[in-house]
Amino acid sequence: MSYKTSIAGIELKHPIFNAAGPLCVSLEELHAIGYSHSSAITTKSMTILPRDGNPEPRYYELPYGSINSMGLPNHGYLKYIEYLPQLRAHGKPLIASVSGLSLADNMEIIRALNDADCDLIELNVSCPNIVGKPQIGYDMEQTDDVLSSVMKVVRKPLGVKLPPYFDFVHYEQIATLLNKHKVRFVSCINSPGNALYIDADRECAVIKPKGGFGGLGGTYIKPIGLANVRKFFELLHHDIDIVGVGGINNGRDVFEYVLAGARAVQLGTIFMHEKHKCFARIVSEFDEVMAKKGYGSIEDVRGKLRGL
Ligand code: RRO
């Protein structure tokens, strides 16, 4: 049995799909996600113009995760608008991830997506890897401006991909804005930015851009992702859905995210590592955990984390 769920009213067969990021740039890659057991297809974050991204090496697998500084490689929003109807054949919700390099860019892309063949828009306010572009989600005033502009024009359910927060005051500030602007969902967390991994043998960093600084993914960040989901579950109006991301490797991890308050989860680093078969494996592990515990639905579990 699969445990169905929904994000902003869009139904998903089960709660597990791909995060914007790995293996979702080209039409071929997006079709491959369609053929997999991912319950939705999320695109790489799109900009106005196509981008090659940062110089390589820009992704490196670590003992317990990954570090990346991809630099937003993507085909540009006009291509994704062409790709979307072709992906419909898979019969899954289509999620367009947007990461314009300015508010004007985001507005142009979102206006165009209003008439495109996607079900949800995920606005990325948390890319850590563009030199000279601090993460919008850490600047409360800018976040307020961006959300008030985009929410005026958007005609599809729009959610926000958030950076990780660490301080309760910051959680309260950002949650106030998300509630005020009535975003439809949040995806948390993007990779904690500007981590540095050092190879002591070679006495160097492991990725080239920005002197080796990049976004951290995988097992390292699961407790940070869980904390963000939990805190937003406490602070957001309950009609704002929460999608958990960060360090999910197995069905038990998915269960933990649902307990914390997530309606669905996205896979990033494990998808890069294991490729498309991770979706079927993790779906069946999650189903097994739920069945063993005797739960009949996501709603039996969602947010029900107990204190001690
Ligand atoms: O492309 C990237 O470097 C990237 C992006 Br847009 C993002 O949102 N998060 C990330 O870890 N890498």
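Here's a quick rundown of the structure. As the structure is a prediction and not an experimental result, all values here were calculated from the model.

## Points about the overall build of the protein
In step 1: A tally of helices and strands in the protein yields 9 helices and 16 strands.
In step 2: By the compact-globule yardstick of 19 Å for 308 residues, the protein fits well, its C-alpha radius of gyration being 18 Å.
In step 3: Along the first, second and third principal axes, the C-alpha set of the protein runs to 50 × 50 × 45 Å.
In step 4: Approximately 13200 Å² of the protein is accessible, and the part contributed by carbon and sulfur atoms is 54%.

## Brief notes about the site of the ligand
In step 1: As a matter of local geometry, the ligand sits amid 13 residues, with Lys-44, Gly-71, Asn-129, Asn-190 and Ser-191 nearest to it.
In step 2: A distance of 2.8 Å separates an oxygen atom of the ligand from a polar side-chain atom of Asn-68.
In step 3: In this structure, Ser-191 approaches the ligand through a side-chain N or O atom, which is 2.5 Å from an oxygen atom.
In step 4: Coverage of the ligand by the protein chains reaches 93% of its 320 Å² of free accessible surface.
In step 5: Of all the cavities here, the one that holds the ligand is the largest pocket.
In step 6: Classifying every residue of the shell around the ligand gives 5 nonpolar, 7 polar and 1 charged.

## Some points on the sheet that holds strand β5 (residues 59-62)
In step 1: Pairing in this open sheet of 4 strands is antiparallel, and the strands run β5-β6-β14-β11 from one edge to the other. Each end of this open sheet is capped by a strand with a single partner; those strands are β5 and β11 (195-196).
In step 2: By the bridge criterion, 4 bridges tie β5 to strand β6 (residues 65-68) in an arrangement that is antiparallel. Directly across from Leu-62, in β6, lies its bridge partner Gly-65.

## Thoughts on a nonpolar patch on the surface
In step 1: Taken together, Leu-196, Ile-198 and Phe-213 make up a surface patch of nonpolar side chains, about 280 Å² in accessible area.
In step 2: Its place among the elements puts Leu-196 in strand β11.
In step 3: Taking the relative accessible area as the measure of exposure, Leu-196 reaches 42% and is therefore partly exposed.

## Topic: helix α7 (residues 251-260)
In step 1: Of all 10 residues that make up α7, 7 are buried, and the element is covered over most of its length.
In step 2: When we look at burial in α7, the residues that qualify are Gly-251, Asp-253, Val-254, Phe-255, Tyr-257, Val-258 and Ala-260.
In step 3: Of the surrounding elements, those touching the buried residues of α7 are β3 (16-18), α6 (222-235), β15 (241-245), β16 (264-267) and α9 (277-293).
In step 4: N-cap assignment for α7: the residue whose side-chain oxygen lies 3.1 Å from the backbone N of Arg-252 is Asn-250.
In step 5: Once α7 finishes, Gly-261 follows within two positions and takes phi at roughly 140°, a positive value.

## Details of α6
For an α-helix the count is 3.6 residues per turn, leaving residues at separations of three or four pointing the same way.
In step 1: For α6, spanning 14 residues, the distance from its first C-alpha to its last is 20 Å, which sits close to the expected 20 Å at 1.5 Å a residue.
In step 2: Of all the positions in α6, only Lys-222, Gly-225, Leu-226, Asn-228, Val-229, Arg-230, Lys-231, Phe-232 and Phe-233 are classed as buried.
In step 3: At its buried positions, α6 is contacted by β9 (158-162), α5 (168-180), β10 (185-188), β15 and α7.

## Describing the layout of surface pockets
In step 1: Empty space within the largest pocket amounts to approximately 660 Å³.
In step 2: Residue lining of the largest pocket: 42 residues in total, with Ala-20, Gly-21, Pro-22, Asn-68 and Ser-191 positioned closest to the centre.
In step 3: Elements that contribute at least two residues to the lining of the largest pocket include exactly β6, β14 (213-217), β16 and α8 (269-274).
In step 4: Of the residues in the lining of the largest pocket, the class split is 20 nonpolar, 18 polar and 4 charged.
In step 5: The volume enclosed by the second largest pocket comes to roughly 260 Å³.

## Details of the sheet that holds strand β7 (residues 94-98)
In step 1: Within the open sheet, the 8 strands sit side by side as β3-β16-β15-β10-β9-β8-β7-β4. Their pairing is parallel. Two strands in the sheet have a free side with no partner beyond their single neighbour: β3 and β4 (41-42).
In step 2: Note that strand β8 (residues 120-124) and β9 share 4 bridges and pair parallel. What sits directly across from Glu-122, in β9, is Gly-159.

Procedures and definitions
Residues numbered from 1 in each chain as written. Predicted model: local features only at pLDDT ≥ 70, side-chain atom pairs only at ≥ 80, totals over all residues. Heavy atoms only, no water. Helix = DSSP H or I, 4+ residues; strand = E, 2+ residues; numbered from the N terminus. Rg over C-alpha atoms; globule rule 2.2 N^0.38 Å. Areas by Shrake-Rupley, 256 points an atom, 1.4 Å probe, with all protein chains shown as cover. Near = heavy atom within 4 Å. Polar contact = N/O pair within 3.5 Å; in protein donor to acceptor, adjacent residues only side chain to side chain. 1 Å grid on protein atoms, 1.4 Å probe; cavity = no way out; pocket = protein on both sides within 12 Å on 5 of 7 lines; lining within 4 Å. Sits in = over half its atoms within 2 Å of the grid points. Nonpolar A, V, L, I, M, F, W, Y, C, P; charged D, E, K, R; others polar. Pairing = 2+ DSSP bridges. Patch = residues over 30% accessible without salt bridge, like charges linked within 9 Å, V, L, I, M, F, W, Y side chains within 5 Å. Salt bridge = Lys/Arg side-chain N within 4 Å of Asp/Glu carboxyl O. Buried < 20%, exposed > 50% of the residue type's maximum accessible area, 1.4 Å probe, protein only. Contact = heavy atoms within 4.5 Å. Expected span 1.5 Å × (residues − 1). Points joined across faces, edges and corners; volume = space filled by probe spheres on them.

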